[in-house]
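Here is how the chains run, residue by residue.
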Amino acid sequence: MTAAIQTRALRKEYPAPAPRRGRGPGASPMPASQPRPAAARGPIVALDSLDLDVPQGEFFGLLGPNGAGKTTTIGILTTRVRATSGKASVAGADVASDDVRVRQRIGVVPQRPNPDRSLTVIENLEFHAAYFGMALGTAAMRGHELLERLGIGDKANAKVDELSGGQQQRLMIARALIHEPRVLFLDEPTVGLDPQARLALWEILRDLHAQGRTIVMTTHYMEEADQLCDRLAIVDHGRLLACDTPDNLRAQAPGGTLIELILDGDAETVVESAQIVPGTLRVEARNAVLRVYSDRRGEVIPPLIRAAEAKGRTVLNINLSTPSLETLFVSLTGRKLD
Amino acid sequence: MTVTPASALMPASVSDESVDREVSTGAVLGALLRRDLRVARREAPYFLVRTLMQPVLFIVVFGFLLPKMGFVRVGYTSALLPGIIAVSLALSAIQAVALPMVQDFGWTREIEDRLLAPVPTALIATEKVLAGAIQGVISGLIVLPVGRLIMGPIPGLTLENAVAFISITALGALTFSAIGLVLGTAIAPQQIGLMFSIIVAPMLMFGCAYYPWRGLDAIPVMKYAVLVNPLVYVAEGIRATITPDGPHMPILAAAGALVVLAGGFWYAGRRVFLRKAVG
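As the structure is a prediction and not an experimental result, all values here were calculated from the model.

S.K.: Would you take a moment to explain the nonpolar core for this structure?
M.R.: Soluble globular proteins: nonpolar side chains tend toward being buried together. Ranked by size, the top nonpolar core spans 170 residues in total, and within it Phe185(A), Ala86(B) and Ala90(B) carry the most contacts. Per-element tally for this core: the top contributor is helix H3 (residues 76-108) of chain B, with 19 residues. For this core, the two domains that each supply at least three residues are domain 1 (3-18 + 40-248) and domain 2 (254-322) of chain A. Apart from residues no more than four positions distant in its own chain, Phe185(A) is found in contact with Ile74(A), Leu77(A), Thr78(A), Ile106(A), Val108(A), Val109(A) and Val216(A).

See the structure below:
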């Protein structure tokens, strides 16, 4: 099977923001004219040596917290962001040297709907199809058909501003599909949708997948990734932490129940005494959060609270979760998704 | 929301071996132009008021009231009308490109659907310049009869050199449309007002629009300093074509300067555009 997407040692650095001069917030720096200061803090690394292989026809999920590098990855794969180094190819074409061909073969649903607001709904589709060389007659027919299928057929002649957020998101999906792309990219497609619209979108995506379309989706909803994706990549700080099927990933989740104690101060001081509580498998501290993996479920909670109080800390809140993608994610990234 | 049957959204076979649709750059350019002109047509009333208000008011005051009062000589209108045409086309070409561009790159990102088109990204910038130039030419052509109507008979006005007139108008509109691309891509959204006060207003005042370049003989420093201003060549070029009896630059000098300026600004605008468009 050929690869729909392949990246090798993909890296993206953004220049560090120039330190603000004392000119008030109105004086926004103009990147074109402002040279970087000599003593700049190093560049911001958004992607660090990312290797991905997505076979044709796969529903692939990119999972990570905000700022993990998901959107940058999509940006590079859709030719909208230039990688600092490394290689990437999409649908058989190199994103850097053959970007026109890549664009011809992909459809993109952006994180925030960006329809052409000067045009009507159907015009959005007709013109987008025309930018891809589709004849007007075919485009209009397909456009109406897509709107109908997506449940906004009656809005064809409406102005874009008359659509709700969810309807605009569906228009974005129609736009991404009108030129029959081989690979579909969706960047957090269900953010801001109500639960019903989200489920409906899932159905649409499942159908597209069943058609053999390669789909790459970023999300920070664990359930969404679990439900839809054949394989998931967990990324954070621009690095690939794990990549496998949801089932295999779940199997890698650390054993035991994850107990999080939110303290009123730094949790580091409590780690040592928590480790000797019988039933604890692993203990981590992150700022005011003490994470304990326990093989005796909640039984360890009272001694943990006592241990914390003995160090002068008060427990403000307690969360329990059973082994899942969520606990794997937390153990890999040290933070929660939202 | 309707749930879609599997066969509906896509044709059945999807594979890497499927053949790419032939996309001709010319056809995409045509579609992009069609889009911009459709939007322009829809917004024509606002656009015309925005770009023609100032020139028309100038025509009323300097081409009608002052001559009536006897403060300026009657012949002044033959120097003024070409200048006003130049100002109108310059304003509308700059605004047609710069204003949407500032919005697009500032917050709406609406241009994204065009940046995903399977054509070289620079083509999108070039198309913006062409669409802006078309709007500039139209504004210039509207002001000519309006000016004539308000000012009354204009000594020496001729349309014998219509082809040369249209050519200079088109070159001038291309130059200012390219300037619009530079400004629209290089300027932060919150500084758009400043752009008009600091760049556009002086350009209009020192662009030999309201007086012929030869008139600056009396102030030699000024006479040569204003040559950096593209508007000078548009105004003088139009004078050479529609009021050739009055003082004006040689048309070839004006046209040559405009070709160089249009090329230079297009190149610069294209560079900034690419930097803004691809992260």
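S.K.: Is there a simple way to explain the pairing of strand S14 (residues 315-321) of chain A in this structure?
M.R.: Working note: regular strand, side chains alternate between the two faces of the sheet. Residue and element names in this part refer to chain A. With respect to burial, S14 is a largely exposed element, only zero of its seven residues being buried. Strand direction decides the pairing type here: strand S11 (residues 257-263) and S14, joined by six bridges, are antiparallel. Residue pairing for S14: Glu260 is matched across the bridge by Asn319.

S.K.: I would appreciate a short explanation of the interface of chain B and chain A in the present structure.
M.R.: Where interface size is quoted, it is often the accessible area lost as the parts come together. The interface of chain B with chain A comprises 42 residues on the first partner and 44 residues on the second. Elements represented by at least two residues in the side of chain B that touches chain A include exactly helix H1 (25-42) and helix H4 (112-115) of chain B. The element contributing the most residues to the side of chain B that touches chain A is H1(B), with six residues. Among the residues making up the side of chain B that touches chain A, the classes are represented as 24 nonpolar, eight polar and 10 charged.

S.K.: What am I meant to see in the confidence of the model for chain B here?
M.R.: Low pLDDT means the predicted coordinates in that region are not meant to be read closely. Residues and elements named next belong to chain B. Scored by pLDDT, chain B has a mean of 89; 93% of the residues are at 70 or more. Mean pLDDT per element in chain B: helix H7 (residues 192-205) is the minimum at 88, and helix H9 (residues 230-242) is the maximum at 96. Segment residues 1-7 is flagged for pLDDT under 50; beyond a separation of four residues in sequence, or across chains, it makes 15 contacts in the model. In this model residues 10-17 is a low-confidence stretch, pLDDT under 50, and it forms 16 contacts with partners more than four residues away in sequence or in other chains. The ipTM assigned to the predicted complex is 0.84, against a pTM of 0.82.

S.K.: Is there a simple way to explain the sheet that holds strand S8 (residues 214-219) of chain A in this structure?
M.R.: Within a sheet, neighbouring strands are paired by backbone hydrogen bonds and run either parallel or antiparallel to one another. Residue and element names in this part refer to chain A. Read from one edge of the open sheet, six strands run S6-S7-S8-S3-S9-S10, paired in mixed fashion. Pairing within the sheet leaves two strands with one partner each, and these edge strands are strand S6 (106-109) and strand S10 (239-244). When strand polarity is set aside, the average angle formed by the axes of neighbouring strands in this sheet is 15°. With four bridges joining them, S6 and strand S7 (residues 183-187) adopt parallel strand pairing. By the bridge assignment, Val108 is partnered in S7 with Phe185.

S.K.: What is the right way to look at the sheet that holds strand S13 (residues 289-294) of chain A in this model?
M.R.: Residue and element names in this part refer to chain A. The sheet built from four strands is open, its strands ordered S12-S13-S11-S14 with antiparallel pairing. With one partner strand each, in any of the chains shown, strand S12 (280-286) and S14 form the two edges of the open sheet. Put simply, the sheet's adjacent strands are angled 15° from each other on average, direction ignored. Where S11 meets S13, six bridges bridge the pair, whose relative direction is antiparallel. The partner of Leu258 across the bridge, within S13, is Tyr293. Sheet strands in contact with helix H9 (residues 268-275) are S12 and S13, and its direction is about 175° off that of S12.

S.K.: What should I look at first to understand H9(B) in this one?
M.R.: Working note: α-helix, 3.6 residues per turn, so residues spaced by three or four point in the same direction. With 13 residues, H9(B) ought to run about 18 Å at 1.5 Å a step, and its terminal C-alpha atoms sit 19 Å apart, in line with that. Judged by how many residues are buried, H9(B) sits mostly within the fold: 13 of 13 residues are covered.

S.K.: Would you mind going over the packing of helix H3 (residues 121-131) of chain A against H1(B) with me for this structure?
M.R.: Here H3(A) crosses H1(B) at 155°, and the two axes come no closer than 8 Å. By the angle between their directions, the pair H3(A) and H1(B) is classed as roughly antiparallel. Contacts between H3(A) and H1(B) involve Phe127(A), Ala130(A) and Tyr131(A) from the first element and Val28(B), Ala31(B), Leu32(B) and Arg35(B) from the second. Split by residue class, the contact of H3(A) with H1(B) holds six nonpolar, no polar and one charged.

What counts as what
Residues numbered from 1 in each chain as written. Chains lettered and ligands numbered in written order. Predicted model: local features only at pLDDT ≥ 70, side-chain atom pairs only at ≥ 80, totals over all residues. Core = buried A, V, L, I, M, F, W, Y, C linked by C-beta atoms within 7 Å. Buried ≥ 20, exposed ≤ 12 C-beta atoms within 10 Å, placed from the backbone. Helix = DSSP H or I, 4+ residues; strand = E, 2+ residues; numbered from the N terminus. Domains from an automatic or database assignment. Contact = placed C-beta atoms within 7 Å. Pairing = 2+ DSSP bridges. Nonpolar A, V, L, I, M, F, W, Y, C, P; charged D, E, K, R; others polar. pLDDT = per-residue confidence, 0-100. Axes fitted to C-alpha atoms, helices over the stretch in contact; angles between N-to-C directions. Expected span 1.5 Å × (residues − 1). Parallel < 35°, antiparallel > 145°, perpendicular 65-115°, else oblique.

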